[in-house]
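Residues per chain are reported as follows:
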Amino acid sequence: MKAYMNVPNTIQDAPLQTIAGKVNDGIPLGGEDALYLLNSPRIMEIGALAHSVRTRLHGDRTFYGVNLNLNYTNVCELRCPLCAYSRDAGTEGAYTLSPKDIEARVRVAVLKGIDEVHVVGGLNPELDLAYYEELLLAIRRAGPELYVVGFTATEYDYVARRQGIPLEEVLRRFREAGVNALPGGGAEVFAPEVRQVIAPRKMPGQRWLDVMRAAHQAGLKSNATLLYGHIETPAQIVDHLTRLRSLQEETGGFKAFVPLAFHPDNTTVSASARVPGGFSDIRLYATARLFLHNIPHLKALWMYLGEAMAQTLLDFGVDDMGSTYADERIVHAAGATTEPSGSEARLQRLIRAAGKTPVRTASDYRPRPAGKAAS
Amino acid sequence: MTRDTLKQAIYSGRRITPLEALSLFDWDLPELGCAADYRRRMAWPGYTVGFIVDRIINYSNRCEAMCRFCAFHARGGQIPGYDLTREEIITKVEELVAAGGTQVMLQGGLHPDWSLQTHLDLAREIKRHYPGIKLHSFSPAEIIHLARRQATTPDDIVAQLKAAGVDSVPGASDLLVDRIRREVSPKKCSTAEWMTVIESLHRHGMASSATMTYGLGESPAERIEHLRVVREAQDRTGILRAFIPWSFSPARTELDDLPRATAMDYLKIVAIGRIFLDNVTHIQAGWLTEGVKMAQLALAMGANDMGGILTEERVVKATGVETRMTRESMISLIRDAGRIPVERNSNYEEIRRFT
């Protein structure tokens, strides 16, 4: 258990020593501990603690996926200030993929050897329940073996309201049509005063949690996200993590926590006061690893953070580097300068260069045979 | 030796052997960072982090060395050659002075046509206009090149550069491992010649620095060998004001098939450099090549300096790496790391602190 007995000896700082004691004894951290960590410049000591937890949970195994990102429509009623991707219906650049288009895309990706499809899109009033079911069946036809991670909590809520059917029924029908798990998107920051600015028309944070609870109860696992690096305060981050941890106590349905670094370009949210350094990323991920003791995986998306930071985080609590994300568009619309998709070999190389063992997987974290994907 | 014994040795301040340093590559970043920061505090107590307002003037891209790792030098038909005129160079210095800058780095190459006199005249002219500006300029490779060209000794070249107003010479060491130098930069000075120049600079009371370019196909042991040469040079002379590692950027060079060194390599080299080089006070974080995130992290892993604002650098830019830096962003980056930003001069003396 006490893999890092030597760590507290080198910690000079009294509150950190207390936190280290709790981590070593398996006592959940309090909100005040998380707040302290998020404000501390002692990122190496904090990192050592987070790394000890990561090592305890996963050894040096580091997960990655080979997947297709399917953004089926960019038409969205919400038009959130945080988003550079969405369009109004009928305007230039607006699109919706037909189930036929989707089937064709998935077939191509299957030939390239993907294990998983990640399907998310906007809240498009033109689409009915049949569209979603046909979309899912199209994916199934193209890749019967694929693991399908489908639709954010926001989309489930929207479909239920728009079609006038209970949320539980939407979850059940989508599951039957082929959804295996839910991605973690749409959580943003739960604090209402932040949502009011970055996503004023998106459903409240509490509703996101309620949809996730219902999904978990319907037998669907999910991820959970946090959009950070804009206007949120450390206290609001702690509030977000606390709510996730409580729901996890209740359902056990979260597989991974996935912080998303905010990219301001082409959005109307100003994050100009932010310092673009590496300390804030380290603090956030390491704190999440230490505070979210009941969520097994912590994922650093190289596409959002850059390869350098994502790789570095593997020693600061992270055990999952994300996937190849063929066809990703949303974060790139917001100015991410990373490559639109990574090859499997590249992810493996970054993981090995970090002294870790790459394990190819999907969102269920069952190992998949490596190396069958073409770049 | 177990990891714990080595850890104790590091925390006791004892000098680390090359073999011990090699084993540090297996340490996790946080563990290594804690140890390196401990040694940083022994070498540089307190919490200040320095930076300098300087300007690199790449006065020419004509270079006889044609190193395989370089994307900057003129290549017939592909990259046109240029030489800045004396007036253009003076204007650039003037702009730096107007912006409150204190240091000029003149960096060219092994110029096929310029005589020693051209170099000396350039230094004299800058000093005549701006006597307060420090010239941290040229390099050991250029000094060896000029010595050959003039059929004289490197020591003589150093003496003449000094007389013309050059204050200090960047170490521009690339990788001080002859096996690698023969492969990637066979026309540049050898490790022994580099050492000769450092000793000459010492004799003439001039300071230098040591850089490290890694990711050139070297082994981990060869990385440590570079550090060993630097430590020995510093034991002999004590004139190396700083150690500055950066990764090789393969794009647009003849070595673009080499896999790029990763962020972890960088952070580990900073930390191991700090632990191994117990005789070097300053370690610079390389925001230009590694990006601001990694440079800021380096401050937690042994670095205590952010180097220069480097207005208008062109050599790294030629490989497609582009990072911009201003005085303001430098200050906020240092503050965000929990350190106190200090603008310094070439000699690492404090000019002002931003509390």
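Residues numbered from 1 in each chain as written. Chains lettered and ligands numbered in written order. Predicted model: local features only at pLDDT ≥ 70, side-chain atom pairs only at ≥ 80, totals over all residues.

### Some remarks on the sheet that holds strand β2 (residues 54-57) of chain B
All names here are of chain B.
For step 1, the next point in the chain: What the three strands build is an open sheet, ordered β2-β3-β4; its pairing is parallel. Two strands close off the open sheet at either side, each with one partner strand: β2 and β4 (134-135).
For step 2, the next point in the chain: Inspection of the sheet shows β2 paired to strand β3 (residues 103-106) by four bridges, in the parallel sense. By the bridge assignment, R55 is partnered in β3 with V104. (Pairing = 2+ DSSP bridges. Helix = DSSP H or I, 4+ residues; strand = E, 2+ residues; numbered from the N terminus.)

### What to know about the interface of chain A and chain B
For step 1, the next point in the chain: In this complex, chain A contributes 27 residues to the contact, which on the side of chain B involves 26 residues.
For step 2, the next point in the chain: Put simply, the parts of the chain that give the side of chain A that touches chain B at least two residues each are α4 (43-58), α12 (279-291), α14 (307-312) and α16 (344-353) of chain A.
For step 3, the next point in the chain: Looking at which element gives the most residues to the side of chain A that touches chain B, the answer is α4 of chain A, with six residues.
For step 4, the next point in the chain: In terms of residue class, the side of chain A that touches chain B is built from 14 nonpolar, nine polar and four charged. (Contact = placed C-beta atoms within 7 Å. Nonpolar A, V, L, I, M, F, W, Y, C, P; charged D, E, K, R; others polar.)

### Description of the domain arrangement of chain A
Residues and elements named next belong to chain A.
For step 1, the next point in the chain: Segmenting chain A into domains produces domain 1 (7-53) and domain 2 (61-360).
For step 2, the next point in the chain: Computed over C-alpha atoms only, the centres of domain 1 and domain 2 are separated by 29 Å.
For step 3, the next point in the chain: Across the contact, 17 residues belong to domain 1 and 18 residues belong to domain 2.
For step 4, the next point in the chain: Every element with two or more residues in the side of domain 1 that touches domain 2 is listed here: α3 (31-39) and α4.
For step 5, the next point in the chain: Here the side of domain 1 that touches domain 2 is composed, by residue class, of 13 nonpolar, four polar and no charged. (Domains from an automatic or database assignment.)

### Considering helix α13 (residues 327-336) of chain B
Residue and element names in this part refer to chain B.
For step 1, the next point in the chain: Of all the residues in α13, the buried ones are M330, L333 and I334. The buried residues of α13 occupy an angular sector of 95° when projected down its axis, which confines them to one face.
For step 2, the next point in the chain: Structurally, α13 contributes buried residues whose contacts are with β1 (48-52), α12 (287-298), β9 (305-308) and β10 (340-344).
For step 3, the next point in the chain: Count one or two residues on from α13 and you reach G338, which has phi positive near 75°. (Buried ≥ 20, exposed ≤ 12 C-beta atoms within 10 Å, placed from the backbone. Arc of directions from axis to C-beta.)

### Examining the environment of M42 of chain B
All names here are of chain B.
For step 1, the next point in the chain: Mapped onto the elements, M42 comes out in helix α3 (residues 29-43).
For step 2, the next point in the chain: Its 12 C-beta neighbours within 10 Å are what place M42 among the exposed residues.
For step 3, the next point in the chain: As for M42 and D278, which are separated by 236 residues in sequence, their C-alpha atoms are 9.1 Å apart.

### A closer look at the sheet that holds strand β9 (residues 320-323) of chain A
Residues and elements named next belong to chain A.
For step 1, the next point in the chain: Strands sit in the order β9-β1-β10 across an open sheet of three strands; the sheet is parallel. Taken across any chain shown, the strands that pair with only one partner, and hence form the sheet edges, are β9 and β10 (357-360). Going across the sheet, the axis of each strand differs from the next one's by a mean of 25°, ignoring polarity.
For step 2, the next point in the chain: Alignment of strand β1 (residues 61-65) against β9, held across two bridges, turns out to be parallel. The residue of β9 that forms the bridge with F63 is D320. (Axes fitted to C-alpha atoms, helices over the stretch in contact; angles between N-to-C directions.)

### Topic: the confidence of the model for chain A
Reading predicted coordinates in detail is not appropriate for stretches of low pLDDT.
For step 1, the next point in the chain: Across chain A, the average pLDDT comes to 91, with 90% of residues at or above 70.
For step 2, the next point in the chain: Confidence drops under a pLDDT of 50 for residues 1-8 of chain A, and excluding neighbours within four residues, the segment shows 14 contacts in the predicted structure. (pLDDT = per-residue confidence, 0-100.)

### Topic: the pairing of β2 of chain B
When a strand is regular, its side chains alternate between the sheet's two faces.
For step 1, the next point in the chain: By the alternation rule, side chains of β2 of chain B split into D54 and I56 of chain B and R55 and I57 of chain B, which are all buried.
For step 2, the next point in the chain: With helix α4 (residues 86-98) of chain B bridging β2 of chain B and the parallel β3 of chain B, this β-α-β connection has right-handed handedness. (Right-handed = clockwise from strand over helix to strand, strands pointing away.)

### Things to note about the nonpolar core
For step 1, the next point in the chain: Formed by 227 residues in total, the largest nonpolar core has its most connected members in I139, F257 and Y285 of chain A together with L267, A298 and M301 of chain B.
For step 2, the next point in the chain: Take this core: its biggest share by element is 10 residues, from helix α11 (residues 263-276) of chain B.
For step 3, the next point in the chain: Residue contributions to this core reach at least three from each of two domains, namely domain 1 (7-53) and domain 2 (61-360) of chain A.
For step 4, the next point in the chain: Beyond its immediate stretch of four places on either side in the chain, A298 of chain B contacts L267, V270, A285 and A303 of chain B. (Core = buried A, V, L, I, M, F, W, Y, C linked by C-beta atoms within 7 Å.)

### Topic: the pairing of strand β7 (residues 240-247) of chain B
Residue and element names in this part refer to chain B.
For step 1, the next point in the chain: Where burial is concerned, most of β7 is hidden: eight out of the eight residues are buried.
For step 2, the next point in the chain: Where strand β6 (residues 207-214) and β7 come together, six bridges link them in parallel fashion. By the bridge assignment for β7, T213 is matched with W246.
For step 3, the next point in the chain: After leaving β6, the chain enters helix α10 (residues 220-237) and then returns to the sheet as β7, a path that is right-handed.
For step 4, the next point in the chain: As paired elements, β7 and strand β8 (residues 282-283) share two bridges and run parallel to each other. What sits directly across from A242, in β8, is H282.
For step 5, the next point in the chain: In the classification by handedness, the crossover that spans β7, the intervening α11 and the parallel β8 is right-handed.

### Observations regarding unusual backbone geometry
For step 1, the next point in the chain: Positioned with a positive phi, F151 of chain A is a non-glycine residue whose angle comes to about 70°.
For step 2, the next point in the chain: Looking at the element boundaries, F151 of chain A is found in the loop between β4 (147-150) and α7 (153-163).
For step 3, the next point in the chain: The class of F151 of chain A is buried, set by 28 C-beta atoms lying within 10 Å.
For step 4, the next point in the chain: For F138 of chain B, which is not glycine, the phi dihedral falls at a positive 65°.
For step 5, the next point in the chain: By secondary structure assignment, the location of F138 of chain B is in the loop between β4 and α6 (140-150).

### Quick notes on the environment of E350 of chain B
All names here are of chain B.
For step 1, the next point in the chain: Inspection of the secondary structure assignment puts E350 in strand β11 (residues 350-353).
For step 2, the next point in the chain: Given 11 C-beta atoms within 10 Å, E350 falls into the exposed group.
For step 3, the next point in the chain: Between the C-alpha atoms of E350 and G50, which are 300 residues apart in sequence, the distance is 7.8 Å.
For step 4, the next point in the chain: Those residues in contact with E350 that lie beyond four places of it in its chain are V342 and R344.

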